[in-house]
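Understanding the architecture of this molecule
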Amino acid sequence: MDTLKIAVVLFLSCSYSSSSPIICPDSCTCSFSDDVTSVVCVSVESLLEVPTNIPDNATTVSIEFTNITTLKANDFVGLFHLQELHLSNNKLTNITSGLLRDLGQLRVLDLSANFLNILPPKLFNFSPNLNSLVLQGNRLQTVNPMWFAHLQNLQWLDLSANILKSLLPNSFQNLTNLVTLDLSNNKFEKLPSHLFNNLPKLKRLNLGANQLHFISSGTFDNVLNLKYLFLDNNKIVKIPVGLFNKLLRLDTIDLSENRLKSLPPGVFDKLVQIGTEFGQGVDLSINPWVCDCQLKDLWRWLKNNSEKVFSLSATVCAEPKATSGEQIATLLEGELLCLN
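Please read all numbers here as calculations on a predicted model, not as lab measurements. (Residues numbered from 1 in each chain as written. Predicted model: local features only at pLDDT ≥ 70, side-chain atom pairs only at ≥ 80, totals over all residues. Heavy atoms only, no water.)

Our next topic: the packing of aromatic side chains. Under the defined criterion, the tally for this structure stands at 6 aromatic pairs. Ring geometry for W147 and F148: centres 6.0 Å apart, planes at 90°, overall edge-to-face. Residue F148 is classed as buried on the basis of its relative accessible area of 0%. Ring centres of F268 and W301 lie 4.9 Å apart, and the angle between their planes is 50°; this geometry places the pair in the tilted category. With F268 in the loop between β13 (252–254) and β14 (282–283) and W301 in helix α2 (residues 296–304), this pair connects stretches of sequence that are 33 residues apart. (Phe/Tyr/Trp six-rings, centres within 6.5 Å; stacked < 30°, edge-to-face > 60°. Buried < 20%, exposed > 50% of the residue type's maximum accessible area, 1.4 Å probe, protein only. Helix = DSSP H or I, 4+ residues; strand = E, 2+ residues; numbered from the N terminus.)

So, in structure tokens, the structure goes:
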């Protein structure tokens with residue numbers, strides 16, 4: 001009988017515990033379904049710090065469009081089940097080291113559109129399972145390789161729209177599973193030639209909207225799985241011979257809005273997968289092309305692969321005067337005269 005009473009008491013206790021309400025933080029909404037517990041605190045201007053009493057079983061937390069400026073070490077303490085943390089569009093200027101110490105299950109971290117100009121060197125040491133890290137739209141001026149020392153599982157890294165001017169050659173050396181890297185909309189004038197050497201799984205690389213003048217030979221020799229390469233809206237004046245020769249899986253390459261006057265012969269000859277996924281795969285528009293005899297190889301490639309080219313109507317001659325404004329692909333071979 002005593003054993004039966006104990007069993008009944010335990011049953012009632014467990015039933016009560018599982019059905020008892022979970023308190024949701026003020027100014028937030030919470031939803032619970034299956035194994036997902038979401039806490040959403042969005043567009044709350046009165047919110048100046050991370051709310052207390054976030055449920056311990058939270059798997060997703062979104063605190064966005066608030067006036068929070070600082071993240072303290074105990075803000076997410078005890079959230080051992082958290083998998084996604086969205087902190088975009090706040091007023092963050094400071095993050096305390098140790099903020100993520102309990103978040104060993106974290107998969108997604110979004111810190112975009114804040115005012116961060118520096119991060120603690122060991123901030124991400126406690127989140128080895130991080131898959132996606134978004135730092136876009138901050139004020140970062142440097143990248144510390146220590147940030148990524150324990151992020152071997154990272155697949156998506158977005159550092160776009162900061163004010164980065166240079167990178168150390170070993171900046172990404174530990175990110176061996178990285179698939180997508182976005183460095184667009186920064187202030188890079190040049191990049192280390194070995195910067196991408198330890199990124200064997202990289203498929204998408206965005207270097208657009210920087211100040212790049214030149215890409216060193218060998219820069220892409222070790223990213224053999226690269227499919228999408230964006231170099232648009234830079235100041236590139238020259239492409240080295242063989243720069244893309246090892247990118248046999250490349251599907252899309254964007255060289256638009258640069259300062260290219262010519263390209264080396266056979267520049268796209270090895271790129272047999274160009275346009276496979278979307279039909280079109282090359283953009284050469286809005287460059288000051290000099291349509292002389294040195295452009296014949298590119299002219300011939302454009303003629304034979306016009307269906308693979310984006311913005312063909314904007315891929316036009318800048319010089320000489322006789323063909324200025326003319327589409328390169330519509331020229332006759334006899335119009336490509338040697339100027340010297």
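Having seen the structure, we can now continue with the description.
Let us now look at the UniProt feature "domain: LRRCT" (unreviewed entry) in the protein chain. Under the UniProt annotation, "domain: LRRCT" (unreviewed entry) lies at residues 287–339. Across residues 287–339, helical content stands at 17% and strand content at 13%; the span's end C-alpha atoms are separated by 19 Å. (UniProt positions renumbered as here; feature names shortened; annotations may be inferred.)

This structure, assessed with the given rule, holds 4 disulfides. The side chain of C291 participates in a disulfide bridge whose partner is C317; the two sulfur atoms lie 2.0 Å from each other. Residues C291 and C317 are joined by a disulfide whose S-S torsion is about -95°; by sign, that bridge is left-handed. Of this pair, C291 sits in the loop between β15 (289–290) and α2 while C317 sits in strand β17 (residues 317–319), and the two are 26 residues apart along the sequence. Its relative accessible area of 1% is what places C291 among the buried residues. You can call C317 buried: its relative accessible area is 3%. Each sulfur of the disulfide joining C293 and C338 lies 2.1 Å from the other. When the S-S torsion is 115°, as for the bridge of C293 with C338, the disulfide is right-handed. Taken as a pair, C293 in the loop between β15 and α2 and C338 in the segment after β17 lie far apart in primary sequence, 45 residues in all. Using a relative accessible area of 23% as the deciding quantity, one classes C293 as partly exposed. (Disulfide = S-S within 2.5 Å.)

Now for the pattern of salt bridges. In the structure shown here, the tally under the stated rule is 6 salt bridges. For K72, the salt bridge identified is with E49, shortest N-O distance 3.7 Å. One end of the pair, K72, is in the loop between β4 (70–71) and β5 (84–86); the other, E49, is in the loop between β2 (36–42) and β3 (60–64), with 23 residues separating them in the sequence. Using a relative accessible area of 32% as the deciding quantity, one classes K72 as partly exposed. With a closest N to O distance of 3.6 Å, D75 and K72 form a salt bridge. Exposure remark for D75: the relative accessible area of 12% places this residue in the buried category. (Salt bridge = Lys/Arg side-chain N within 4 Å of Asp/Glu carboxyl O.)

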